[in-house]
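# Working through the structure, step by step
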Amino acid sequence: LKPFWPQAVNARAILAQASSLQDTRDMGGTFCLPWICPFLKHAAPPESAAPKELVELKIRTLAGEDIATLGVPADCTFAAVKAELRASGRASLPSSRLRLLLGHRVLTDGQRLSDVVAPGDGAPPELVLMRIQWKSEDVDFKVGDLVQLHYDGNTVFESLAGTDQPWLEAMNEMLGRTFYVRSKPGPGLVGLPNPDAAQRAWQDVVFPESVVRAGEELAKGDIVRMLASEEAVKRSFETVNYVWHFLMRGMLGQEFPILEMTSQGIVALPSPDGSQGGRWYFPVSCVSRVGADFEAVVPRQK
């Protein structure tokens, strides 16, 4: 007879081995060997996880039109609610451009339904879905147009799916910045200066027009802020064959008036040492106009 763990076992499975034993006891459909039975009173029944109770959640537009009714756990995050709306096709925009509101309160992705709605409140909670428009209209851009790349690296990364353009880590340095369109590789696509120095001279980086919008129109007298990143300014210089000067470190992140605008997308700013007639020249991708709506850059993480 093979040894057994101290638990109830099915009689049919062991009957052939236990037939020589006389003292078996009927245990309500199972048999227990006499030396096993004392342990049964200590055995706990297997635990089974109870299914989570779902909360009905209504999603509407600001105008009151129904978008969806979802059944979600009370501990569901609002990031998961957005993901469900996108997966079901009820919201096509990236999650970064969706906002859920409870009354006049904007809910964060990390909050949970249980954080803002008490159980047993009665009527199902109703949330308003807002879609943030990054640009006001679709434009068919041409070579030479001034465009601004989207500020969110995750949105840009998602837009490259289905294209021949891979994501480059150096694209994080392009986010939210303004460039001139260098090429039109196909309908709905624009070619911008390559941030990779090894490929810059001969290959543009290609983005769908969905993640670019008309760039800032700068003019003489505008107040602009220089990029705070030395690396980003150096990359911009390489696209126009300009040379970095160590005194430019003192200009990073600072504000200056535009002294001159050239037709090649170059701005003249006051030189820190008065050289070159008091003017140093920078690509427009190095600066942004002060007072424009601020959108914090969101680098894509590996």
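Residues numbered from 1 in each chain as written. Predicted model: local features only at pLDDT ≥ 70, side-chain atom pairs only at ≥ 80, totals over all residues. Heavy atoms only, no water.

## Observations concerning the sheet that holds strand β4 (residues 66-73)
One open sheet accounts for five strands, arranged β4-β3-β7-β5-β6; its pairing is mixed. Both edges of this open sheet fall to β4 and β6 (105-107), since each of them pairs with a single strand only. Direction aside, the axes of adjacent strands within the sheet are offset by 35° on average. Here strand β3 (residues 54-60) runs beside β4; their pairing, made up of seven bridges, is antiparallel. Within the sheet, the bridge partner assigned to Lys58 lies in β4 and is Thr69. (Pairing = 2+ DSSP bridges. Helix = DSSP H or I, 4+ residues; strand = E, 2+ residues; numbered from the N terminus. Axes fitted to C-alpha atoms, helices over the stretch in contact; angles between N-to-C directions.)

## A few points about the nonpolar core
Formed by 20 residues in total, the largest nonpolar core has its most connected members in Ile59, Phe78, Val81, Leu85 and Leu129. Elements supplying a minimum of two residues to this core: β3, β4, α3 (78-87), β5 (98-102), α4 (113-116) and β7 (126-131). Each residue touching Leu85, except ones within four places of it in the same chain, is listed here: Ile59, Ala68, Leu70, Arg90, Ala91 and Leu129. Counting 19 residues, the second-largest nonpolar core is a separate cluster that includes Leu218, Val233, Trp244 and Leu252. (Core = buried A, V, L, I, M, F, W, Y, C linked by side-chain atoms within 4.5 Å. Buried < 20%, exposed > 50% of the residue type's maximum accessible area, 1.4 Å probe, protein only. Contact = heavy atoms within 4.5 Å.)

## Things to note about the confidence of the model for the chain
For the chain, per-residue confidence averages 79 on the pLDDT scale, and 77% of positions sit at 70 or higher. A low-confidence stretch, residues 1-9 stays under pLDDT 50, and its non-local contacts, those more than four residues away or across chains, total 20 contacts. Here residues 18-41 is a poorly scored stretch, pLDDT under 50, and it has 30 contacts once near neighbours within four places are set aside; other chains count. (pLDDT = per-residue confidence, 0-100.)

## Description of the sheet that holds strand β17 (residues 279-283)
Spatial strand order, β15-β16-β17: three strands in an open sheet with antiparallel pairing. Strand pairing shows two members of the sheet lacking a second neighbour, β15 (260-261) and β17, which therefore form its edges. As judged from the five bridges shared by strand β16 (residues 266-270) and β17, these two strands associate in the antiparallel manner. Looking at β17, one finds that Leu269 is bridged to Trp280.

## Describing the pattern of salt bridges
Within the structure shown, the criterion is met by 13 salt bridges. Salt-bridge contacts for Lys234 lead to Glu230; the nearest nitrogen and oxygen are separated by 2.8 Å. One end of the pair is Lys234 and the other is Glu230, both in helix α6 (residues 230-239) and four residues apart, which spans about a single turn. Residue classification places Lys234 among the partly exposed positions, given a relative accessible area of 26%. Salt-bridge contacts for Arg249 lead to Glu230; the nearest nitrogen and oxygen are separated by 2.9 Å. Residue Arg249 is found in the loop between α6 and β14 (255-257), and its partner Glu230 is found in helix α6; the two are separated by 19 residues along the sequence. (Salt bridge = Lys/Arg side-chain N within 4 Å of Asp/Glu carboxyl O.)

## Focus: unusual backbone geometry
Positive phi values are uncommon outside glycine, yet Gln276 reaches one of about 55°. Within the secondary structure, Gln276 is located in helix α7 (residues 275-278). Classification of Gln276 by relative accessible area gives exposed; the value is 57%.

## Thoughts on the environment of Ala63
Counting through the fold element by element, Ala63 comes out in the loop between β3 and β4. Separated by 65 residues in sequence, Ala63 and Val128 have C-alpha atoms that sit 9.1 Å apart.

## Focus: the packing of aromatic side chains
Evaluation of the coordinates by the stated rule reveals three aromatic pairs. Measuring from centroid to centroid gives 6.2 Å for Phe157 and Trp167, while their planes differ by 75°, and the two rings are edge-to-face. One end of the pair, Phe157, is in helix α5 (residues 153-159); the other, Trp167, is in the loop between α5 and β9 (178-180), with 10 residues separating them in the sequence. You can call Trp167 buried: its relative accessible area is 16%. Between the aromatic rings of Phe237 and Tyr242, the centroid separation amounts to 6.1 Å while the plane-to-plane angle is 50°, which identifies the pairing as tilted. (Phe/Tyr/Trp six-rings, centres within 6.5 Å; stacked < 30°, edge-to-face > 60°.)

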